[in-house]
Amino acid sequence: MSFSRIRIAARLRPPIPGEQHDNAIRVRTDTDAPTAIIVDNPRDPSQTFNYPFSSCYDESSSQQEIFERDVKPLVDLAFSGMTVTVFAYGVTSSGKTHTMQGNKQQPGIIPRAVQDIFHRTLSEHPTASISISYMEIYKDEVYDLLVDRESALKLPVRENEAGKVFVANLSVLPVDSLDDFESAFSQANKQRSVSSTNLNSVSSRSHAILTLHITVTDPLNSCTLSGKLNLVDLAGSENNRLTGNDSSRMAESAAINKSLSVLGQVVHALNQGASRIPYRNSKLTRILQDALGGNSVGLLICNLAPGTKFRQDTLNTLNFAVRTKNIQNKPLVNQQVGPSSAPAVPRAIPAPTQSTRLHGPRPSRVPRISNVASVSSGPRPSLAFSGLPAPTAKAEEKPPPVVPVHLTEEDINARIAKAVELEVARRLEEREKQRREEEEAAVAAARSQSMTVHDEQVSSLHSLPPGLLSPLLKHRHSADEELKQRLEELENKFAHGSKESHLAEVLSPISRKKTGRAYVALARAHTQKNNLQVALELYRKAEMYVPDNVKLKERIIEVEWAVKNDKPFAPSPKKPRRAHASSKRAHGKSKHRLAPTDEEHEEDDDEAGSGSGKENRDEGSGSAKRRRRIKTADEGEPGTPPKKRRLVKFEE
């Protein structure tokens, strides 16, 4: 079995007006040495990197030159029954799509290859038939570009019994002339996902793969040759710091960079002779498995950008090309022997036209138009075949062959699943309609019943004597006003409280404690002025900042009781301290102050009542005070605060 390495062609695009470049990337085209790309080392300009390839093109190269030298010989192999794959690889805005598609003045590889195929069909292979398929890989999902955008579904990637990878349910459209191809391809190319970035006004957001199926029948030898020409326009790797992508563009960029990274992993694994090649890590490498170490003949066109901001990306592209050219493929001829060996096209779909296409975006695939400023303006130019010489007309017009439609097992399962889905949807709709009718009937019955009850109440009210319900209605009106006023107060209180609680959550623990102390100090000042309502609000604010303070909660309960019962606020006495500590403190204070305050007298009385017995107080005076407290407790009102009531019971 013969081996074939992937050929490498490098092309340096001209600089864009306004783009900074320093001529650090050059093309060597001397006759004495092989062609190569010369790149200055960005860290040491005195050193240069040399990348020799089979074909290197500078800024002045033409589309015709690239096609005639590298692509046209591969078309002969496709007519021989082989699979040929041509890649366009490079950083974003390096000219990949221009190389593959071109414009009216400079047609690219795709229109030139199609024109050459039909020219060969007319002159050399009159029995050959041509068909095309066109797909894109957007966010690692495969979509058919030959069907309408609204009806395009995600297509699965499968593998048949022979180990060949294919895309299930992908359209294959037969074309009989260059005009048929131009009409179908131009319409399909409008549905490809593109968007605007800082580096490219019509940046490709997906990988596009155009496949030309060439079937040549030889009735003399009773054999059929089935060749394929895969023309792959890869999306460029992106640096989001340069492209200015938004969130949706960044998601697309992440999917593009991931698939290209897997492509590099596959190339590295093939060069290392690894036992496992990670083809399945990406849909791109899975579909192109035949071209990477398989049975295909490959050509990689590396597009290079001369700008200084692309220097590292250019080096990455060249290093990838060096690794790729070491991959060995095993090309095979796809030949079927027998009179009925012509393969049937799995599916034939008419070329989409402008009248049958439904306009409108499809959110699952097509990106929205970005507002990012671009380097250049204007839409991507459409393909034009007018720049190519027209092929010689056929000597005899033949009617187009009738292509039979064959339903595979997957198509049958898909139709069954669709029929079941429609039936389930119909039944659910009927059930939902029946439920709505029942609900409407129940609502109508309840409404009629309520109207009947209301009429009965109105008639009974008219039968009552006049003036009987006036006091009740007045009382109800006053209750409604009071309830409304209370609700407004609660809403204002809740709104203010939510702001305070949010502020308390933001502050640090030390700041919360200081803020709580400040509110407590203000509350004490208003308590002394007998502004209990204001003091209560300040205490509650302080509680938001120190919610775990037990004494503060007790003080709030006492002030609430005083406000509710419209009584003066009397703070609860402090807890009795130990005898020796109290006496030492009293002895220490006596050295500095001559007369104790009223609060100290009260504390001394409390400590005396608790049984300390170490203060120079008159026993009769203490007994009289205890009798007064007991009398007050006996004659007290039932609304005494809980803490005071417990204290009185303890003394009793």
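Sequence order sets the numbering: in each chain, residues are counted from 1 along the sequence as written. Selection of residues for local features in this predicted model requires a pLDDT of at least 70, selection of side-chain atom pairs for listing and counting requires 80 or more, and totals for whole chains, interfaces and linings are taken over all residues. As a rule here, side-chain values cover all heavy atoms of the structure and leave hydrogens and water aside.

Enquirer: Looking at this structure, how should I read the packing of helix α3 (residues 109-123) against helix α4 (residues 178-189)?
Expert: Working note: a packed helix pair is described by the angle between its axes plus the distance between those axes. Here the axes come from fitting lines to C-alpha atoms, over the contacting stretch only for helices, and the angles between their N-to-C directions go from 0 to 180 degrees. The helix count covers DSSP runs of H or I at least four residues long, the strand count covers runs of E at least two residues long, and both are numbered beginning at the N terminus. Running from amino to carboxyl end, α3 crosses α4 at an angle of 150°, the nearest separation of the two axes being 10 Å. Taken together, the axes of α3 and α4 are roughly antiparallel relative to one another. Crossing angle aside, the handedness with which α3 passes α4 is right-handed. Of the residues in α4, those touching α3 at Ile 110, Val 114, Gln 115 and Phe 118 are Leu 178, Phe 181 and Phe 185. Roughly parallel means an angle under 35 degrees; roughly antiparallel, over 145; roughly perpendicular, 65 to 115; everything else is oblique. With the far helix as reference, a near helix turned anticlockwise by less than a right angle produces a left-handed crossing, and one turned clockwise produces a right-handed crossing. Two residues form a contact once any of their heavy atoms are found within 4.5 Å.

Enquirer: Is there a simple way to explain the packing of aromatic side chains in this structure?
Expert: By convention here, two paired aromatic rings are described through the distance between centres and the angle between planes. Two rings belonging to Phe, Tyr or Trp (six-membered ring only in the last case) form a pair when the distance between their centres is within 6.5 Å. Interplanar angles under 30 degrees mark stacking, angles over 60 mark edge-to-face geometry, and anything in between is tilted. Under the defined criterion, the tally for this structure stands at four aromatic pairs. Centroid distance Tyr 89 to Phe 320: 4.3 Å. Interplanar angle 20°. Geometry classified as stacked. Within this pair, whereas Tyr 89 is found in strand β7 (residues 83-90), its partner Phe 320 is found in helix α8 (residues 311-324), the two being separated by 231 residues in sequence. A single burial state applies to Tyr 89 and to Phe 320, both of which are buried. Ring geometry for Phe 181 against Phe 185: centres 5.3 Å apart, planes inclined by 10°, an arrangement best described as stacked. Taken as a pair, Phe 181 and Phe 185 lie in helix α4 at a separation of four residues, close to a single helical turn. Pair check on accessibility: Phe 181 and Phe 185 agree, each one buried. For every residue, the accessible area (1.4 Å probe, protein chains only) is compared with the maximum for its type, and the residue is labelled buried under 20%, exposed over 50%, or partly exposed between those bounds.

Enquirer: Would you take a moment to explain a nonpolar patch on the surface for this structure?
Expert: On the surface, Ile 412, Ile 416, Val 420, Val 424 and Leu 428 cluster together to form a nonpolar patch covering roughly 440 Å² of accessible area. Tracing the backbone shows Ile 412 in helix α9 (residues 409-463). We classify Ile 412 as partly exposed; its relative accessible area is 40%. Patch building starts from residues that exceed 30% relative accessible area and form no salt bridge, then joins like charges within 9 Å and nonpolar side chains (Val, Leu, Ile, Met, Phe, Trp, Tyr) within 5 Å. Surface accessibility in these figures is a Shrake-Rupley result with a 1.4 Å probe; residues are shielded only by whichever protein chains are displayed. Salt bridges are counted wherever a side-chain nitrogen of Lys or Arg sits within 4 Å of a carboxyl oxygen of Asp or Glu.

Enquirer: Can you help me understand the nonpolar core in this one?
Expert: What tends to happen in soluble globular proteins is that the nonpolar side chains get buried as a cluster. Put simply, buried Ala, Val, Leu, Ile, Met, Phe, Trp, Tyr and Cys residues joined by side-chain atoms within 4.5 Å make one nonpolar core. Ranked by size, the top nonpolar core spans 46 residues in total, and within it Ile 37, Phe 53, Phe 87, Val 142, Ile 287 and Leu 300 carry the most contacts. With seven residues, the top contributor of residues to this core is helix α6 (residues 247-272). Setting aside its immediate chain neighbours within four residues, Ile 37 contacts Ala 10, Ile 25, Arg 26, Val 27, Phe 49, Asn 50, Tyr 51, Phe 53, Cys 56, Leu 304 and Leu 318. By size, the runner-up hydrophobic cluster in this structure holds 44 residues, among which are Ala 9, Phe 67, Leu 210 and Leu 225.

Enquirer: What is the right way to read the pairing of β7 from this model?
Expert: Most of β7 is tucked away, with eight of its eight residues classed as buried. Residues Thr 83, Thr 85, Phe 87 and Tyr 89 of β7 are buried on one face, and the alternating residues Val 84, Val 86, Ala 88 and Gly 90, pointing to the opposite face, are buried as well. As paired strands, β7 and strand β16 (residues 223-233) are joined by six bridges and run parallel to one another. Along β16, the bridge assignment pairs Val 84 with Leu 229. Paired strands are those between which DSSP finds at least two bridges. By the bridge criterion, eight bridges tie β7 to strand β17 (residues 296-304) in an arrangement that is parallel. Bridge pairing links Thr 85 to Gly 298 in β17.

Enquirer: Got a minute to help me understand the pairing of strand β8 (residues 129-138) in this structure?
Expert: Along any regular strand the residues' side chains alternate between the sheet's two faces. Along β8, nine of the ten residues are buried, which leaves the element largely enclosed by surrounding structure. Looking at chain direction, β8 and strand β15 (residues 207-218) are connected through nine bridges and run antiparallel. Looking at the pairing, Ile 132 lines up with Leu 212 of β15. Pairing geometry for β8 and strand β12 (residues 173-175), over three bridges, is antiparallel. Each residue of the ladder has a partner; that of Ile 130, found in β12, is Val 175. As paired elements, β8 and strand β9 (residues 141-144) share four bridges and run antiparallel to each other. Residue pairing across strands places Met 135 opposite Asp 144, the latter belonging to β9. Hairpin connection between β8 and β9: a loop of two residues separates the two successive antiparallel strands, and Lys 139 in this loop has a positive phi of roughly 55°.

Enquirer: Which parts of the structure should I look at to understand the packing of helix α11 (residues 509-528) against helix α12 (residues 532-545)?
Expert: Running from amino to carboxyl end, α11 crosses α12 at an angle of 170°, the nearest separation of the two axes being 8 Å. Considered as vectors, α11 and α12 are oriented roughly antiparallel to each other. Like other packed secondary-structure pairs, α11 and α12 cross with a definite hand, here left-handed. Contact with α11, carried on its side by Arg 512, Thr 515, Gly 516, Tyr 519, Val 520, Leu 522, Ala 523, Arg 524, His 526 and Thr 527, involves Leu 532, Val 534, Ala 535, Leu 538, Tyr 539, Lys 541, Ala 542 and Tyr 545 of α12 and no other residues of that element. Three residue categories are used. Nonpolar comprises Ala, Val, Leu, Ile, Met, Phe, Trp, Tyr, Cys and Pro, charged comprises Asp, Glu, Lys and Arg, and polar comprises the others, including Gly. Residue composition of the contact of α11 with α12, by class: eleven nonpolar, four polar and three charged.

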